[in-house]
Amino acid sequence: MFSQETEAKFKHLLSIYPKQRSALIPMLLIAQREHGYIKNETIEYIAKLVELSTSEVESILSFYTMLRRTPVGKYHIYVCTNLACMLRGSDDIEACLKRKLGVEFGKVTPDGLFSAIEFECLGSCTTAPVIQVNGDFYENLDVPKTEKIIDELRKKG
């Protein structure tokens, strides 16, 4: 189910936490990194390792937005939709992304490169509007800057 490297990371996590369940979120993040999202069999497997029920693991998955149950693009984009970003044009950024990517938020582009979702707050109000792509922040955006970001990422493939 997982690579030897991932299994070794799981084993290490289980050895450093005094309570097995404390390793749950780090293990889910590692699993997600390997498969791109959290599969049903992953939930069952990790639940056994950390001595939790699958429903307990599911409740954690439903709470933390960084944990995904469905595949995302190679470049997963979070678009901040909080008040500061809204007031400074995140609606235009959203429309630009939908047009440029050719898919609605929550969907993956046919080439598998991009996906995007709205996100309540990326915590960068002074540099609004903001997007985050795979953990990297892009701030003080406008439509031309956003188009350039997408073009550059598309060139990288």
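Just so it is clear, the model here is predicted, and its values are computed rather than measured.

Undergrad: Tell me about the sheet that holds strand β1 (residues 75-80), and please be specific about residues and values.
TA: The sheet built from four strands is open, its strands ordered β2-β1-β3-β4 with mixed pairing. Either end of the sheet is taken by a strand with one partner, and the two such strands are β2 (114-119) and β4 (136-138). Ignoring strand direction, the axes of neighbouring strands in this sheet form an average angle of 25°. Where β1 and strand β3 (residues 131-133) come together, three bridges link them in antiparallel fashion. Within the sheet, the bridge partner assigned to isoleucine 77 lies in β3 and is valine 133. Sitting on the sheet, helix α6 (residues 90-101) is in contact with β1, β2 and β3, with an inclination near 155° to β1.

Undergrad: If you had to explain the packing of helix α2 (residues 24-35) against helix α3 (residues 40-49) to someone new, which residues and values would you point to?
TA: Axis separation between α2 and α3 bottoms out at 11 Å; the angle between their running directions is 150°. Crossing of α2 over α3 shows right-handed handedness. Across from Leu24, Met27, Leu28, Ala31 and His35 in α2, the residues of α3 making contact are Thr42, Ile46 and Leu49. The residue makeup of the contact of α2 with α3, split by class, is six nonpolar, two polar and no charged.

Undergrad: Residues and numbers for unusual backbone geometry, please.
TA: For the peptide bond that leads from alanine 128 to proline 129, omega is -10°, which places it in the cis range. Tracing the sequence through the fold places proline 129 in the loop between β2 and β3. Located in the positive-phi region is asparagine 134, a residue other than glycine, with phi close to 50°. Overall, the relative accessible area of 44% leaves asparagine 134 in the partly exposed class. For asparagine 140, which is not glycine, the phi torsion reads 50° and is therefore positive.

Undergrad: With reference to specific residues and values, describe the environment of leucine 13.
TA: You can see leucine 13 is positioned in helix α1 (residues 4-16). By relative accessible area, which is 9% here, leucine 13 ends up buried. Taking the C-alpha atoms as reference, leucine 13 lies 20 Å from glycine 36; in sequence the two are 23 residues apart.

Undergrad: I'd like a rundown of helix α7 (residues 143-156), residues and numbers included.
TA: Compared with an ideal rise of 1.5 Å per residue, which puts 14 residues at 20 Å, α7 spans 20 Å between its outermost C-alpha atoms and is within 8% of the ideal. Every buried residue of α7 is listed here: Thr146, Ile149, Ile150 and Leu153. Seen along its axis, α7 keeps its buried residues to an arc of 95°; they face one direction. Opposite the buried face of α7, at more than 90 degrees from it, the exposed residues are Pro144, Lys148 and Lys155. Packed against the buried residues of α7 are β1, α6, β2, β3 and β4. Capping the start of α7, aspartate 142 holds a side-chain oxygen 2.8 Å from the backbone nitrogen of lysine 145, two or three residues further along. Within two residues after α7, glycine 157 carries a phi angle of roughly 75°, on the positive side.

How each quantity is defined
- Residues numbered from 1 in each chain as written.
- Predicted model: local features only at pLDDT ≥ 70, side-chain atom pairs only at ≥ 80, totals over all residues.
- Heavy atoms only, no water.
- Pairing = 2+ DSSP bridges.
- Helix = DSSP H or I, 4+ residues; strand = E, 2+ residues; numbered from the N terminus.
- Axes fitted to C-alpha atoms, helices over the stretch in contact; angles between N-to-C directions.
- Contact = heavy atoms within 4.5 Å.
- Left-handed = near helix turned anticlockwise from the far one by under 90°.
- Nonpolar A, V, L, I, M, F, W, Y, C, P; charged D, E, K, R; others polar.
- Buried < 20%, exposed > 50% of the residue type's maximum accessible area, 1.4 Å probe, protein only.
- Expected span 1.5 Å × (residues − 1).
- Arc of directions from axis to C-beta.
- Polar contact = N/O pair within 3.5 Å; in protein donor to acceptor, adjacent residues only side chain to side chain.

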